[in-house]
Amino acid sequence: MSDTLRAAAFLDKGGTGKTTTVAHLGVALEELGHEVLLVDLAGKQGDLAKHFGVWGDYQARIEADEAWPNISTVFDDAWGTIAEKLGDDTLADLVVPTAEGPDLIPAHPGLDTLDAELGNIDDARERYSRLEQFLDEYVDPLGYDVVLVDLPGMTNNVAYNGLWAARHVITPVEMGPFEAEQADALRRDLGKIADNFAVDIELTLVLPNKVDTRTNLAEEYLDAFESEYPDAIAPDYVPYSQDIRNAAEHGQTAFALQEPSTTARRAREAYLDAAETLVSRLGGDHGG
Ligand SMILES: Nc1ncnc2c1ncn2[C@@H]1O[C@H](COP(=O)(O)OP(=O)(O)OP(=O)(O)O)[C@@H](O)[C@H]1O
Ligand SMILES: [Mg+2]
C-alpha cells in the first residue's frame, strides 16, 4: 500500500476559491516538507497552470500537438495500452514542475468532452473510478506525499471521479447564505454517494475564504460554519486579499510575494495552518 494522501477541492458553485485553495495549500504543504502533485480537472482553461505561470508553455505544447499523453488521455479506454507502450516515460510527459514547489498535471482541451465520454460508460463504478485507477497504478508508485485535485464547480462525471479517487473533500466557502446552502447540499450529496456505492467520501476541510471581518455578517457566518462543521472546519480563515488576486494574475501564489501585505501574510498563515490540519486529518503523521 502506498501512503500518498489525497484530497479534492470541490463545491457545486463557481468562483469560491477552489483553484486558489489548491494552489496555496500545495505550496504550503511543500513549505512543510511534503512532496506535492496537483491535478487539474477543472476545465480546459488551465487555471491551475496559470496560477503557477506555466500555462503559456503548456499551451504551446498543446498547439504543437506535443501535450500527449495528458490528463484527458488517462481516462481513455485505451490508457492501459498507451501506458504500457510509453513505459518508464509515461508520467514524465504528463507532469510539469512549478517554480513554487508542487508538480502539476495541467488541464487539457480534451477535458471538454470528458464528461460526455464518461457518461457512455454503463457501469457506474467503472464510470466514476477511472481517476482512482490511474492514481493507484501510475501516481502512487512515484512517492508523492500528497495529491490535490482541482475539480469543476459543478456536479458531473469528472467531479465524481475526483471525489471517488480522493475520498476527502476540501471546500472553500465564502461567507454568504448561498455558500452555506451549497455546503449543506454537498454534505447531503456525499451522503448519497455513500448510500449508493458504499464509498465513504468525507468532507475533510471546510475553509472559509475571502473573509472580510470588518463586517458583522462575516463573523456570524464564520460562527455558523464552525458549529455546522466542527470536524471539518479549518483552524483559521483566509482573509480577502487583493494581493492574492494580483499574484494569481502574475502566475504566483501569495507565498511568492517579496513584500506581502498584511492580508497576504495572514492568508499565508491560514494556508499553512490548514495544510497542517489537512495532513493530520488525512491520516499522515510525519512531515519531511
Ligand atoms: N482570499 C482571496 N482574496 C481575494 N481574492 C481571492 C481570494 N481567493 C480567491 N480569490 C479570487 O477569486 C476569484 C475566484 O477564485 P478561484 O478561481 O480560485 O475560484 P474557483 O472556485 O476555482 O472558480 P471556478 O469555479 O471558476 O473554477 C479569482 O480571481 C481569485 O484570485
Ligand atoms: Mg477553479
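About the cut-offs
Along each chain, residues carry numbers from 1 onward, in the same order as the chain's sequence is written. Written order determines the labels here, with chains lettered from A and ligands numbered from 1. Where local features are concerned, this predicted model is filtered to residues with pLDDT of at least 70; where side-chain atom pairs are given and counted, the filter is 80 or more; whole-chain, interface and lining totals use all residues. Computation of side-chain values: all heavy atoms of the structure, hydrogens and water removed. Cavity means a closed set of points on a 1 Å grid over the protein atoms alone, one where a 1.4 Å probe fits but cannot get out, pocket means an open set with protein on both sides within 12 Å along at least 5 of 7 lines, and lining means a residue has an atom within 4 Å of a point. Grid points are joined across faces, edges and corners, and a volume is the space filled by probe spheres set on the points. Each helix corresponds to a stretch of at least 4 residues labelled H or I by DSSP, and each strand to a stretch of at least 2 residues labelled E; elements are numbered beginning at the N terminus. When residues are sorted by character, Ala, Val, Leu, Ile, Met, Phe, Trp, Tyr, Cys and Pro go into the nonpolar class, Asp, Glu, Lys and Arg into the charged class, and all the rest, Gly among them, into the polar class. Residue burial is assigned from relative accessible area. The probe radius is 1.4 Å, only protein chains are included, and a residue is buried under 20% of its type maximum, exposed over 50%, and partly exposed in between. Here a residue is near a molecule or strand as soon as one of its heavy atoms is found within 4 Å of it. For this analysis, a polar contact is any N or O atom pair within 3.5 Å, provided that within protein one partner can donate a hydrogen and the other can accept it, and provided that sequence-adjacent residues contribute only side-chain to side-chain pairs. Molecules are considered to sit inside a cavity or pocket once more than half of their atoms lie within 2 Å of its grid points.

Identification of the chain as Chromosome partitioning protein from Haloplanus aerogenes is taken from an unreviewed UniProt entry.

A.B. asks: Report on the layout of surface pockets, specifying residues and quantitative values.
C.D. replies: Sizing a probe to match a water molecule and rolling it over the atoms shows the empty space that remains. Considering only enclosed or pocket space, the largest pocket measures out at about 760 Å³ in volume. Lining the largest pocket we find 35 residues, and of these Gly15, Gly17, Thr19, Thr20 and Asp47 sit closest to its centre. Of all the elements in the fold, those that place two or more residues in the lining of the largest pocket are helix 1 (18-31), helix 2 (47-51), helix 5 (111-119) and helix 11 (242-249). The leading source of residues in the lining of the largest pocket is helix 11, at four residues. Residue classes in the lining of the largest pocket are distributed as 12 nonpolar, 13 polar and 10 charged.

A.B. asks: How would you sum up the environment of Gly46? Please name residues and give values.
C.D. replies: Relative to the assigned elements, Gly46 resides in the loop between strand 2 (36-40) and helix 2. In this structure Gly46 comes out as buried when scored by relative accessible area, which is 0%. Separated by 61 residues in sequence, Gly46 and Ala107 have C-alpha atoms that sit 5.0 Å apart.

A.B. asks: Please set out the site of ligand 1 residue by residue, giving values where relevant.
C.D. replies: Close to ligand 1 lie 15 residues; Lys18, Thr19, Thr20, Asn209 and Ser241 are nearest. Thr16 is positioned such that a nitrogen or oxygen atom in its backbone is 3.2 Å from an oxygen atom of ligand 1. Separating an oxygen atom of ligand 1 from a backbone N or O atom of Gly17 is a distance of 3.0 Å. In this structure the site holding ligand 1 corresponds to the largest pocket. Sorting the residues of the shell around ligand 1 by element identifies helix 1 and helix 11 as the ones contributing at least two each. Among the elements that line the shell around ligand 1, the one with the most residues is helix 1, at three residues.

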